[in-house]
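Breakdown of the fold
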Amino acid sequence: MATFWHSSVALLVALLGPFSLFSPSFATAADEQIAYRLKWLINASTAGDVVAEAEGLFAAEGLQVAILPGGPERDAIREVELGRAHFGVASADQVIRGLAKGAPIVVVAQLFQVNPLNWIYRPEQTTISSGDDLRGKVIGVTYGGNDETILRTLLQRHHIGEEEVQLFSVRHDYTPFYQKKVDLWPLYRNAQGVIIGEKLRAAGEAFAFFNPDQAGVRFVANSVITSAKLLAEKPELVQRFTTALRRGWQLAMAPEHAERTAELIHRFDRETPLPLIREQLALTRELVAHPSPADIGRIDLVAWQETEAIMLEQKQIDRPVDIATALHPLAE
Amino acid sequence: MDEGERPRAAITIDNLHFSYPGAGRPLFANLSLHLPAGGFHALFGPSGIGKSTLARILAGLTACSGRRSTAGPVLYTYNTERLPGWLTIGEHLRQVAAAPAATTTLATLEDRFGIDHCLNRRFGQLSLGQQNRVNLIRYLLQDFQTLIMDESLANVDEGTRERIIITLKEHYPDRSFLYISHNVLEVARFCRQIILLREAAKEPQIVAIEGLDATAGHPVSQTRLERTVLEILHAG
Amino acid sequence: MLANRLLQFLLLYFLAIGGLLAMKYLLGLSDYVIPGVAAMATAFTEMAAIYLGDLLDSLRVALLGHALSLLLAAGVGILASRSTALGSLIRAAAYTVQTYPIVAVAPIIFILLGDGLASRLLITILVCYFPLLLTTISVLTEPVADIEHFFISTGRNRWSLQVAIRLYENMGKLITVVAGSATLAMVGTIVAEFVAADAGIGFSIRKALYQSDLAHILVALFLVGIWTSIYLGVLETAGALIEKKWRNPAGGG
């Protein structure tokens, strides 16, 4: 029943969202209703969000949170600025790009301590021991996506000219990788990495992952944002939300809670079999609770500054944004 | 009447029953009609009485119950017909008058019907009266025994109309024409037999009246004309 | 006609831009949500030439796809109008194909045909041929009784003549649908590029969307609008000329 009501609230917010432009509602007095826009659909990468809601951690803080799934056309920054969502999940490059264009947003938590973006490859066909080995390879890239920025930085740092590699425009369909037309294919290690890996394993093929973090490119991934206005006007509300969310992630990442977390995710992500969700969760734990569970939600200032530097270097932004001013880690 | 003595008919309909789909009452019930072979005849009656429907049944274009027999091909033409727009009038008429005899007839008809000056035009560029005449000409070039003309001269001026009717009588003495018109004077003067179609409730539904059958050499007197007109109007 | 189309588009485009800017300044929104005039101008100077190249690439596919759609719709439409059984089967197939969202079908197409021109063309055709097909079927199955009556009565009614009469008599309708489907051809091409291809203006829009760059998207939409208006205007002008020559020739000669 609870799921029904939460789904209904989510649906209602999704339906009424477009009409609420001129009535941005921060009326969070009694039983605060909060809209929380995710970056993508509910899967292992949103484990903490789902657990915080399902286990009543938001409710314990007096918050009624509608978790709104994201998607390619959803932009949490835009929705937060327009007042359609109170909180949202955005990747670091989105945040920095938004700040460069004056979006009045702040970062209140960092979900991934290690960027899950990897490139999958077949070790029998491709040897990648360092960034230098990218030379001469056919590399999949999402033009306009943060993997393009990361790849270009990698190439630049290893003095590999664009003419020395062959970039292949990727989409949701992995066929070119299966057909071995592409050597390296970008994916999220903890999500698609498990699913694609399973298929390759079933086909008897060996596979490995190339992690740009290990090649020296630190690029922050998903983080939780809210509006500067909400933080200024209702800091205690932001604090309560962030606290509940962090507890949700801590619970979700706790090995003893893994089975329950997997079941909760499976309720929304029916397409992924439960064993694979368990595997995804184990990998997510490595990326989120890194180096230890105490680091869950920690905002890594150095990594953010490096991300900003990369984006400046790659001309993704035309001026520095002084990212430190937009980071608001909230102590529990 | 013995079968041998019975006058030869261009079209015979016996025991015709017809209703529009969904209509409560039949339009025609147990109706019989004999259109005489040869001559210029009329089908006359008020608007909406079913003249066009009867004409289409006579031409075999509308299915009905009853017995229908014809002496030779029957064609049906109506006043709102159009010619394909991509050909000129001349081109179209030459196409549909393939036989050499028809070509000769065509030249005569173009002259007598007064359309020889508009042969290079397209159908859409003609006046309504010219369109009526062009349409009628192409039917006259076909192989027919009976031609049903459903208001085929509706937009033609009176003088030209008379000239056309007289031409038809002269050139096609052995063919039958069934002319549908609302002009009582015209049908009284030029038609040999006037088939008067009345409401379905009236018995009989069809009354045949002798017309004056005027030709170029045999004009009719005003008195006879008035008497025939009165007879038609009273019978209606 | 062409000038009208361009003027109408420019009016609508700048009205929309005006609306966006009014919203931006009234609500105090950042350049991230709605770019300001300066950001739009910068995006235009930086991207117009690049996007024009992309757009011409898309336009090439759209034109080719549109032409093939016309041929396909004419061929299938004629087949569908000839026989009742085959016709209803083709109509059913056409409706079914149309109900599939193209974004769902696109990956299958790309698996089968690769990510070259063929896939883009096929998706363009799938998007724009349906109205053409329906119009062709409706035109070819609807008798023009006042013209056909003579040919039927005199035993001259050939199938080719019947097709000619029906096409000729519905020329205005056909020209309107052909011109209208030009817009759909453009939409189809952009959708194909958006979903999967790695060239064309749809691909550029997708890249700009990834970066939430509305200013770049507005530049792309401006160019798409201008060129679609030109294409539409040219087709309408050509249609009007054809109609004038064939349907209403001046004078009697």
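**Looking at the environment of Glu61(A)**
Residue and element names in this part refer to chain A.
- Mapped onto the elements, Glu-61 comes out in the loop between helix 3 (57–60) and strand 2 (63–68).
- With 180 residues separating them in the primary sequence, Glu-61 and Phe-241 have C-alpha atoms 7.3 Å apart.
- Non-local contacts of Glu-61, meaning those with residues more than four positions away in its chain, are made with Arg-240, Thr-243, Ala-244 and Arg-247.

**Overview of the interface of chain A and chain C**
- If you look at the interface, chain A gives 26 residues, while chain C gives 25 residues.
- Both faces combined, the contact of chain A with chain C buries some 2200 Å², and carbon together with sulfur accounts for 56% of it.
- Summed over the three residues of chain A that lose the most area to chain C, namely Arg78(A), Lys101(A) and Arg171(A), the buried surface amounts to 30% of that side.
- Linking chain A to chain C there are 1 salt bridge.
- One salt bridge in this structure joins Lys101(A) and Asp213(C), with 3.5 Å as the shortest N-O distance.
- Counting across the interface, chain A meets chain C through 10 residue pairs in polar contact (both at pLDDT 80 or more).

**What to know about the arrangement of the chains**
- The protein chains that touch form 2 pairs of chains, and the pair with the most contacts between them is chains A and C.
- Regarding chain A and chain B, which are not in contact, the minimum distance between any of their C-alpha atoms is 49 Å.

**Describing the confidence of the model for chain C**
- A residue-level look at chain C finds 97% of positions with pLDDT of 70 or above and a mean pLDDT of 88.
- Scored as a whole, the predicted complex attains pTM 0.74, and scored at its interfaces, ipTM 0.91.

**Digging into the sheet that holds strand 8 (residues 185–188) of chain A**
All names here are of chain A.
- Across the sheet, which stays open at both edges, the 3 strands sit in the order 8-5-9 with antiparallel pairing between neighbours. Since the sheet does not close on itself, it has two edges, and those belong to strand 8 and strand 9 (208–210), each with one partner. Taken over all neighbouring pairs, the strand axes of this sheet differ in orientation by 45 degrees on average, direction set aside.
- Here strand 5 (residues 117–121) pairs with strand 8 via 4 bridges, running antiparallel.

**Overview of helix 7 (residues 222–235) of chain B**
- Helix length check: helix 7 of chain B (14 residues) gives 20 Å between terminal C-alpha atoms against 20 Å at 1.5 Å per residue, within 8%.
- Buried residues along helix 7 of chain B sit against strand 3 (39–44), helix 6 (184–190), strand 8 (193–197) and strand 9 (206–210) of chain B.

**Observations regarding the packing of aromatic side chains**
- Applying the stated criterion across every chain yields a total of 24 aromatic pairs over all chains.
- Judged by centre distance (5.4 Å) and plane angle (85 degrees), the rings of Phe18(B) and Tyr20(B) are edge-to-face.
- The buried category is assigned to Phe18(B), whose relative accessible area is 10%.
- The class for Tyr20(B) is partly exposed, based on a relative accessible area of 39%.
- Each ring, one from Trp86(B) and one from Tyr168(C), has its centre 5.4 Å from the other, and the planes form 70 degrees; the classification is edge-to-face. Of the two residues, Trp86(B) sits in the loop between strand 5 (74–78) and helix 2 (89–96) while Tyr168(C) sits in helix 7 (residues 159–169), which places them in two different chains.
- Taking the relative accessible area as the measure of exposure, Trp86(B) reaches 23% and is therefore partly exposed.
- Taking the relative accessible area as the measure of exposure, Tyr168(C) reaches 6% and is therefore buried.
- The rings of Phe40(B), Phe144(B), Tyr172(B), Phe177(B) and Tyr179(B) are connected pair by pair, giving a single aromatic cluster.
- Looking at Arg78(A), its charged tip hangs above the ring of Tyr32(C), at a distance of 5.5 Å from the centre.
- The aromatic ring of Phe209(A) is capped on one face by Arg189(A), whose charged end is 3.9 Å from the ring centroid.

**Quick notes on the confidence of the model for chain A**
- Overall, the predicted model of chain A reaches an average pLDDT of 89, with 90% of residues at or above 70.
- With pLDDT under 50 throughout, residues 1–29 of chain A is counted as low confidence; its partners more than four residues away or in other chains account for 34 contacts.

Conventions and cut-offs
- Residues numbered from 1 in each chain as written.
- Chains lettered and ligands numbered in written order.
- Predicted model: local features only at pLDDT ≥ 70, side-chain atom pairs only at ≥ 80, totals over all residues.
- Heavy atoms only, no water.
- Helix = DSSP H or I, 4+ residues; strand = E, 2+ residues; numbered from the N terminus.
- Contact = heavy atoms within 4.5 Å.
- Buried area = accessible area lost by both parts, 1.4 Å probe.
- Salt bridge = Lys/Arg side-chain N within 4 Å of Asp/Glu carboxyl O.
- Polar contact = N/O pair within 3.5 Å; in protein donor to acceptor, adjacent residues only side chain to side chain.
- pLDDT = per-residue confidence, 0-100.
- Pairing = 2+ DSSP bridges.
- Axes fitted to C-alpha atoms, helices over the stretch in contact; angles between N-to-C directions.
- Expected span 1.5 Å × (residues − 1).
- Phe/Tyr/Trp six-rings, centres within 6.5 Å; stacked < 30°, edge-to-face > 60°.
- Buried < 20%, exposed > 50% of the residue type's maximum accessible area, 1.4 Å probe, protein only.
- Lys NZ or Arg CZ within 6 Å of the ring centre and 35° of its normal.

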